[in-house]
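Observations on the model geometry
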Amino acid sequence: MMKTDIEIAQATEMKPITEIAGQLGIDVEELELYGKYKAKISDAYIKRISDNSDGKLILVTAINPTPAGEGKTTVTVGLGEAFGKLQKRAVIALREPSLGPSFGIK
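Residues numbered from 1 in each chain as written. Predicted model: local features only at pLDDT ≥ 70, side-chain atom pairs only at ≥ 80, totals over all residues. Heavy atoms only, no water.

All right, on to the overall build of the protein chain then. Across its full length, the protein chain carries 4 helices and 2 strands. When its helices and strands are written in sequence order, the protein chain yields α-α-β-β-α-α. A burial count over the protein chain gives 10% of its 106 residues as buried. For the protein chain, long-range pairs separated by at least 24 residues make up 18% of all intrachain contacts whose partners lie at least 6 apart in sequence. Per element, the accessible surface of the protein chain, about 9200 Å² overall, is 57% carbon and sulfur. (Helix = DSSP H or I, 4+ residues; strand = E, 2+ residues; numbered from the N terminus. Buried < 20%, exposed > 50% of the residue type's maximum accessible area, 1.4 Å probe, protein only. Contact = heavy atoms within 4.5 Å. Areas by Shrake-Rupley, 256 points an atom, 1.4 Å probe, with all protein chains shown as cover.)

As structure tokens, this is what we get:
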């Protein structure tokens, strides 16, 4: 039997935000921590990387969902996963993720 979206979400183990930030080259001292899983990036980090060349931005917007429910959120996460598989550093920002069948628990 296939697991439901909420069962999959509840079975995953979240990684600490410090571990995720470390994978992106952000030092712990450059984070403003809000618990174990949330943080804001400090001005110190922004200043440190200010001379770096700009990255690339892919904006996923205005897509009609399929009957199975795949829409902007699914496409965005899929792109992030694909870039990771290609050994590229990618960050996903979901401003208003869909609620979908798991009521916003992604």
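With respect to the secondary-structure elements, glutamate 30 resides in the loop between helix H2 (17-23) and strand S1 (31-33). Given the relative accessible area of 7%, glutamate 30 is considered buried. At a separation of 2.5 Å, a polar atom in the side chain of glutamate 30 contacts the side chain of arginine 48. (Polar contact = N/O pair within 3.5 Å; in protein donor to acceptor, adjacent residues only side chain to side chain.)

With the rule as written, the count across this model stands at 1 salt bridge. Among the ionic pairs, arginine 48 bridges to glutamate 30, the shortest N-O distance being 2.5 Å. One end of the pair, arginine 48, is in helix H3 (residues 43-48); the other, glutamate 30, is in the loop between H2 and S1, and 18 residues separate them in sequence. (Salt bridge = Lys/Arg side-chain N within 4 Å of Asp/Glu carboxyl O.)

This part is about the environment of leucine 33. Residue placement: leucine 33 occurs in strand S1. The spacing of leucine 33 and isoleucine 17 is 16 residues in sequence and 8.3 Å in space, taken between C-alpha atoms. With residues up to four places along the chain from it excluded, the contact list for leucine 33 reads Ile17, Thr18, Lys38 and Ala39.

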